[in-house]
Structure formats: structure tokens, C-alpha cells
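A structural walkthrough
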Amino acid sequence: MAGVTMEVGNDGVAIISIYNPPVNSLAIPILNGINQKFNEAVKRDDVKAVVIFGKGGKFSGGFDINVFGRVHQTGDVSLLPNAIDLLVNTIGDSKKPAVAAIEGLALGGGLELAMACHARVAVPKAQLGLPELTLGIIPGFGGTQLLPRLVGLPKAIDMMLLSKSIQSEEGKKLGLIDEIASSSELLNVSRRWALDIAERRKPWLRTLHRTDKLGSLSEARNVLKMARQQAKKVAPNMPQHQACLDAIEEGVVHGAYSGVLKETKVFNELVLSDTSKGLVHIFFAQRTTSKVPNVTDVGLKPRPVKKVAVIGGGLMGSGIATALILSNIVVVLKEINSEYLQKGIKAIEGNLRGLVSRKKLAADKAEKALSMLKGALDYSEFRDVDMVIEAVIENISLKQSIFSDIEKACPPHCILATNTSTIDLNVVGERTRSQDRIVGAHFFSPAHVMPLLEIVRTEKTSAQVILDLMTVGKIIKKVPVIVGNCTGFAVNRAFFPYTQGAQYLLHMGVDPFRIDKLISNFGLPMGPFQLQDVAGYGVAVAVKKIFESAFAGRTFNSSLVDLLIKNGRHGKSNGKGYYIYEKGSQPKPDPSVLPIIEESRKLANVMPGGKAITVSDKEIVEMILFPVVNESCRVLDEGIVIRASDLDVASVLGMSFPSYRGGVLFWADTVGADYIYKSLKKWSESYGNFYKPSKYLEERATKGIPLSAPKSIASASKSRL
Ligand SMILES: C[C@H](O)CC(=O)SCCNC(=O)CCNC(=O)[C@H](O)C(C)(C)COP(=O)(O)OP(=O)(O)OC[C@H]1O[C@@H](n2cnc3c(N)ncnc32)[C@H](O)[C@@H]1OP(=O)(O)O
């Protein structure tokens, strides 16, 4: 049972053990347990020193994040514990020394607990970090003061602001870890350290009393100033970055205890911020994606997938192959001729080189990955593959004939997956008998970098196949989200009005560069026009027709992309699109695109009364994102995703919707269904059906039910999953 226990050895060392699987999170009863046992240890005459240990191979994954969820629901910060007293006074200033014995990981409050102790012993490769900023808060158990005093200001800022963990070995070099010991020796070595401190053979270092690593005040001010500038650039919409620096600065200037008080104040304010609500939502939503009714709860075991064939070595195929070989999965890359095959292999080598040069991959690991790759021009290598991923161009009859071929060439257990981003899976697999093995493995480009994997199932895809693909997805470090079969699946379907909404506004007279700027200010990495430049216009041309026929009556199309191509513009690939792309400099808006836009505006003729519309900045953002919310409502209504939070995760990981806004539907609920409905209704009356609110949105808005609330049983029968 979860709890905290204490055992006192004959040597006078009390071992206080935390047990709260799976990550020994510091839930409130656990913190109370540590407090109680520590006080008992201090009082007992037979105890000379204390070791704090986490059972089950992990020291602690930090404070219990579920409590933040409860604070967000109730707005009641008094639900938060006063652990500062425990860490700073009870442990830090205790009359008896304490040593943290760290296995596996010490993150957030877990590392703060360890840092409050007087020494730390860790096993090799234990993960150490303060990732609180990823939850929209700052460390709240003294971390902003403790870490700089152990590793110095620049490294501490780096670890906190980037939420970057380090391993014990680096921790030892920096002074965060005092000794590294094997797992079997961890407790013995920790006991010895604790006794050595108690008996003055080793120094008794109270972390908050230390200043030796902080440097001079002027050095510190410089480091903080640079960190503030950097944070302003990379996290302009997230208050926790500057707030964390405020707390650190307070401690550097006025001393650790002042810093701790500031930290507590800032922490309590940030817990209630929208940023924290969004990020905590995404934390749990991401973990919920792996719970799939009738797949992960029916006792199935994933089958091993050791060898995968990838058909097509283009942009997607080479990216998928790269992701697989990086995780030690043997890949057979099949192309139709040796020229294309060589191109595919070169692309994979280029992907690996890119990772090495960005220091994301060690050179020897890249070599090892490449050794997992084989090229093929026929299906002979397919006889023992566990999965095929088809990644050829979006051509229905080509895909159908490939599927009928691979059904014959592969063993009967083999998963038959397609990376199509739009085509109905039932159509792809029409000529095969193995309908239960057909599944969509929809990666996002670049496939070896983007974290989302949409797993598309039809009514016939077997639960085993879905589970196997989910497992492969996790092995290759993707977040798999299960979706139903429809044009565009979940992400491309929900976001087709994003590009089209921007195009519509442009054709109603709004400046594209203003639109891009506003959307980047909202938090997407780039605006819709720049995105189109980067993705290439081929994609825009291909998907335009597909969406137009699937969602007739609510699409907006223009001749703009065709005109751009006709004028020799292909976007980023040839350096000329809406923007000018030059090596080594940021993309610059290209005024020479404006006459082409003007021509397209004339052809589209959608300006009401022939005059450009006047809209506020806020309205521009809403006129692009509310249609996305509207389509997301249809995705929910049709049961394309299991739950609203799955679409939130998919929007963050597939479209880079800002995670601190909690994903598209979470954000929509913070704006309010009623407001979104009324805005869309008003625009649909002025500008047509593109904005017409969906039934789902109308119903939720009129009944006052959040968009993300689970569907009623009555409408559940419509599910396509
Ligand atoms: C006051 C303090 O300064 C504030 C804090 O400490 S805030 C917390 C800071 N800590 C963190 O941010 C760490 C969050 N956790 C993680 O990064 C990862 O879970 C981990 C690296 C610890 C483990 O990763 P992994 O082995 O892949 O397991 P993962 O699936 O993520 O988590 C396993 C389960 O533990 C839960 N969990 C993990 N950390 C948790 C935490 N700190 N609190 C509550 N639950 C937690 C997860 O929700 C998941 O639950 P589920 O099985 O019901 O879905």
C-alpha cells in the first residue's frame, strides 16, 4: 500500500522509504508521512542520521500533479501543501543529517526533496530535473533557490527554463550528486554518507546556506539579464519563465529565505493561471491517449514488431524509415527503381546527419541506425516482415494494387499500414481480403521529428493490430492517437478550415502578413501563409480538391496557389512564396506577391459589396480559429476521436497548436461555446456557409455544456470507431 515507512538500523541510520507507485509522486499523504517519520527520527535517541529513499526503482516523479487538477477545478489554492516548511526547516535545518538515495529519477518536488538533504547518492544514469515550467508553474518546494546553490546559476537556469533533465554522471560533475553507487550498493553507500556527516567525517552542507556557487552579484545580474531576454524571445506568452527568474533573482540579491518566500508567492499565483490549466490538461491528456476502450483493456499483449517494410522513399517514407531505424527496428525500404531507392537512402542519411549536426544524436548511434536499413526493389524481403507501411503518392489505384500485392508477399500476421493523409482506408484496402490487418499509420512531416502518430482504424481493423501499432509508435517515441476513418482523419480534417479561413480573409481584403503575425502572436510557430510556403504548394493543390468534394458547401477555394505556381513561385523550396527565403536570414514578406493576390481577389470576388472588410486583430484570429473549433465539433460528434482531449493532444503535437492553451477544444472551452457559436453565426450571415455553426456547437452553446464534456449516450451510437 502507498505510504511512508521508516526502519532504523543498528548503525543508527533511519531509512525513510516512500512508496507510491508508479512514480512515487509526492501526494499530500506522502508528504505528511515524510514529515511525520522525519520528526520521529529527529526525536529518537537511537537515530543518528536519516536516509530518504524511493521504493520500486524511482526516487520520486515530484509533487502529485493531480492536486493541480483539483486546484484548477475549484480555484482553491489551500489544497496545496505547505511543503516548504518540511523541506527548509524540518529537513534542511534539522539537527540530524539527511542523505537522499536516488534511483531511477528525481524530478520536480522529488529533486527538491533530495536537494534539501545534506548529500545525495545516486545510481548511474538517474534522471534529475526540475520540469515544473512545462506545467505552467515554477518549482515550489524551494527548487529556485536550491538548484543554483548546488550547480551554479547558469546551469540551474538552463535546467529550469528549458525543463532539461541531466543524468547522475553530469550531476556528479556539477555538484548536484555527491557519489554514484550501483543499485545494490545505493543504500549502504547512503547510510555511510549519512553517518560520516553525523560524525563529522564529511562536511554538513545545508544547501540554502551555501553561496559558493552563486558567483558575484554583478555576474549573477548579467546571467539573469541574458536569460530574461532569451525567455522573452522563446516563451513570450508564458508567464512562468520570467516569474521563475524573479524568484531566482530575489534569492541571489536578498538571500535564500527571501527567495523561498518569493517562490511560494509566485508559485501560488501561477498555479491558477490559464497557462498552467492548459499545460496540466495536456500532461494528463497525453497519457490518456494510451487508454483505448476494447483495445488496451481486454487483456491483449502486443506482438513484437522487429522488421518493417516501408514502401516509397519520398519525404514521408524516408522520414518514417528514419524514425524506425533510430529505434533499432530493421527496415526494408522498397522503391520502384534503383535511382529512387538511392534517393530514399540518401534522404535517410541526410535525416541522420541533420540530427547529428544539431547534437540530437551521437555519430556512432547514426552509424548503428543506418546498419538497420536495407534497400529492396521487389517483394522478396517482405516474406518475414511484421509490418508494412505504404508511403507512396496519394493515388488510389496505385495504393490498391500495392495492398493487393503485399497481402500475397507478406506473412499472414503482418500488419498492413498506409500513411495516407486523406484517402478512405476502406478504399485503399478494397482489393484485399485481410481487412482486419489494414490500418492507417499517419505520420506528420518531418516524420522522424514530429511526435504525433495518428492511428486510423476502420470498423474491421482488429484490436490486436491497433495495439501492435500503438506499441511500435511508443517504441519510436511517438504519441499514438487512435482516430476513426474519414477524409483527413482527425487533425487534417479539423484543421482544413485553418488554411482556408486565412485564404478567405485574404480574399476579403485582409493583408496576409498581418494574418501571419497575429497567428504567430497567438502562439503557433508560424502563420498559415508561411506554413503553406514551407509545406510546398503541391500539398495545397492536392488536398484542396479532396476537401472540396468531401465537405462541399463549407470549403473556400481560390486560384491563388495556381497563380503563384504560374508566376514561378513554389514557396520555400525555391525561395519565393508569400515570403522571400534567403540563406541565413529570416523570411521577409515579399511585396511582389501582392499583385498576384490582387488578381486572385478579383477572380474570387468575395468582398462584400466589392470592398475590403474591416476587422480587428482579435476578430482575425477568431475568424481563422473558430472554424477550426467548428470542424473539431464535427470530429467529436462523428466519433472520429475517442474523447475531446485526444484531439487536444493531436492539435498540439500535429499542428503545433500552443500546448499552454491546452489544445484546440480546451482552448475553445476557455473562450466559451456560446461566444464561438454566436460569432460564427454572425459571420455566416455576412460571409456565407464557410462559417455556419455545426449542430454539435449549436447544441452545446444553447445548453451551456462545454464542448469537451463527454457525449450523451443517445448520440454515442453514431460513433465510427
Ligand atoms: C512543488 C513542485 O515543485 C511541483 C512539482 O513537483 S510538479 C511535478 C514535477 N514532475 C514532473 O513534471 C514529472 C512528470 N512526470 C513525468 O515526466 C513522467 O511521468 C515520468 C518521467 C516521471 C515517468 O514517465 P513514464 O515512465 O513514461 O510514465 P508516464 O506514463 O508518464 O507516467 C506513469 C503514470 O504516473 C503518473 N504520473 C507521473 N508523474 C506524476 C506526478 N508527478 N504526479 C502524479 N502522477 C504522475 C502519470 O499520470 C501516469 O499515470 P497513468 O498511468 O494513470 O496514466
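How each quantity is defined
- Residues numbered from 1 in each chain as written.
- Predicted model: local features only at pLDDT ≥ 70, side-chain atom pairs only at ≥ 80, totals over all residues.
- Heavy atoms only, no water.
- UniProt positions renumbered as here; feature names shortened; annotations may be inferred.
- Helix = DSSP H or I, 4+ residues; strand = E, 2+ residues; numbered from the N terminus.
- Rg over C-alpha atoms; globule rule 2.2 N^0.38 Å.
- Buried < 20%, exposed > 50% of the residue type's maximum accessible area, 1.4 Å probe, protein only.
- Contact = heavy atoms within 4.5 Å.
- Areas by Shrake-Rupley, 256 points an atom, 1.4 Å probe, with all protein chains shown as cover.
- Lys, Arg positive; Asp, Glu negative; His and termini not counted.
- Charge placed at Lys NZ, Arg CZ, Asp CG, Glu CD.
- 1 Å grid on protein atoms, 1.4 Å probe; cavity = no way out; pocket = protein on both sides within 12 Å on 5 of 7 lines; lining within 4 Å.
- Points joined across faces, edges and corners; volume = space filled by probe spheres on them.
- Salt bridge = Lys/Arg side-chain N within 4 Å of Asp/Glu carboxyl O.
- Near = heavy atom within 4 Å.
- Polar contact = N/O pair within 3.5 Å; in protein donor to acceptor, adjacent residues only side chain to side chain.
- Pairing = 2+ DSSP bridges.

Identification of the chain as OLC1v1037333C2 from Oldenlandia corymbosa var. corymbosa is taken from an unreviewed UniProt entry. Under the UniProt heading Pathway (unreviewed entry), the entry covering the chain gives this text: "Lipid metabolism; fatty acid beta-oxidation." The UniProt entry for the chain carries this comment under Subunit (unreviewed entry): "Monomer."

1. Examining the overall build of the chain
Each helix and strand in the chain was counted, giving 30 helices and 19 strands. Radius of gyration (C-alpha) of the chain: 28 Å, near the 27 Å computed for a compact globule of 721 residues. The C-alpha extent of the chain, read off along each of the three principal axes, is 85 × 60 × 55 Å. A buried classification covers 55% of the 721 residues belonging to the chain. By sequence separation, contacts in the chain at least 24 residues apart represent 73% of the contacts at least 6 residues apart. Surface accessibility of the chain: about 30200 Å² in total, with carbon and sulfur atoms responsible for 54%. In the chain, 88 positive and 70 negative side-chain charges are present, and the distance between their average locations comes to 1 Å.

2. Concerning unusual backbone geometry
For residues that are not glycine, phi is negative in most cases, and the peptide bond is trans in most cases. The linkage connecting P21 with the following residue, P22, adopts the cis geometry, with an omega of 10°. With respect to the element layout, P22 can be found in the loop between strand 2 (13-19) and helix 1 (28-43). Across the junction of S445 and P446, the peptide omega takes the value -10°, indicating a cis bond. If you trace the backbone, P446 turns up in the loop between strand 15 (438-443) and strand 16 (452-457). One non-glycine residue, K125, adopts positive backbone phi at about 65°. Of note, K125 is situated in the loop between strand 6 (119-122) and strand 7 (127-129). Take K125: its relative accessible area is 56%, and that puts it in the exposed class. Positive phi values are uncommon outside glycine, yet R200 reaches one of about 65°.

3. Regarding empty space enclosed by the protein
Scanning the model with the defined rule gives one cavity of 30 Å³ or more in all. Together, L87, V88, G92, D93, A116, L146, R206, T207, L208, H209 and Y257 line the largest cavity. The element that contributes the greatest number of residues to the lining of the largest cavity is helix 3 (residues 83-92), accounting for three residues.

4. Remarks on the pattern of salt bridges
Evaluation of the coordinates by the stated rule reveals 35 salt bridges. The partner of R228 in a salt bridge is D246, and the shortest N-O contact between them spans 2.9 Å. Of this pair, R228 sits in helix 9 (residues 217-234) while D246 sits in helix 10 (residues 239-254), and the two are 18 residues apart along the sequence. Judged by relative accessible area, which is 30%, D246 ranks as partly exposed. Ionic pairing is found between D590 and R569, a salt bridge with its closest N-O pair at 2.9 Å. Of this pair, D590 sits in the loop between strand 19 (588-589) and helix 24 (594-604) while R569 sits in the loop between helix 23 (560-566) and strand 18 (579-580); the two residues are 21 residues apart in sequence, bridging distant segments of the chain. Classification of R569 as buried rests on a relative accessible area of 4%. Among the ionic contacts, a cluster of salt bridges with common partners joins K48, D196, E199, R201 and K202.

5. Brief notes about the site of the ligand
As a matter of local geometry, the ligand sits amid 26 residues, with G109, E112, E132, R287 and K291 nearest to it. Here G61 contributes a backbone N or O atom positioned 2.9 Å from a nitrogen atom of the ligand. In this structure, F63 approaches the ligand through a main-chain N or O atom, which is 2.9 Å from an oxygen atom. Here the ligand, which alone exposes 980 Å², has 72% of that area covered by the protein.

6. What about the UniProt feature "domain: 3-hydroxyacyl-CoA dehydrogenase NAD binding" (unreviewed entry) in the chain?
Using the residue numbers shown here, the UniProt feature "domain: 3-hydroxyacyl-CoA dehydrogenase NAD binding" (unreviewed entry) corresponds to residues 307-485. For residues 307-485, helix accounts for 40% and strand for 22%, while the C-alpha atoms at its two ends are 26 Å apart.

7. Details of the pairing of strand 15
A large share of strand 15 lies buried, amounting to six of its six residues. The two faces of strand 15 match: I438, G440 and H442 on one face and V439, A441 and F443 on the other face are all buried. Across three bridges, strand 14 (residues 415-418) lies against strand 15 in parallel orientation. Bridged to A417 within strand 15 is V439. Bridging between strand 15 and strand 16 involves four bridges; their strand directions are antiparallel. When the bridges of strand 16 are listed, H442 appears paired with E454.

8. Notes on the side chain of R634
With respect to the helices, strands and loops of the structure, R634 is situated in helix 25 (residues 617-637). With near-sequence residues (within four places) excluded, R634 lies in contact with R493, R554, K692 and S694.

9. Re the UniProt feature "domain: 3-hydroxyacyl-CoA dehydrogenase C-terminal" (unreviewed entry) in the chain
Using the residue numbers shown here, the UniProt feature "domain: 3-hydroxyacyl-CoA dehydrogenase C-terminal" (unreviewed entry) corresponds to residues 488-581 and 620-702. Secondary structure within residues 488-581 divides into 61% helix and 2% strand; the distance between the first and last C-alpha atoms comes to 30 Å.

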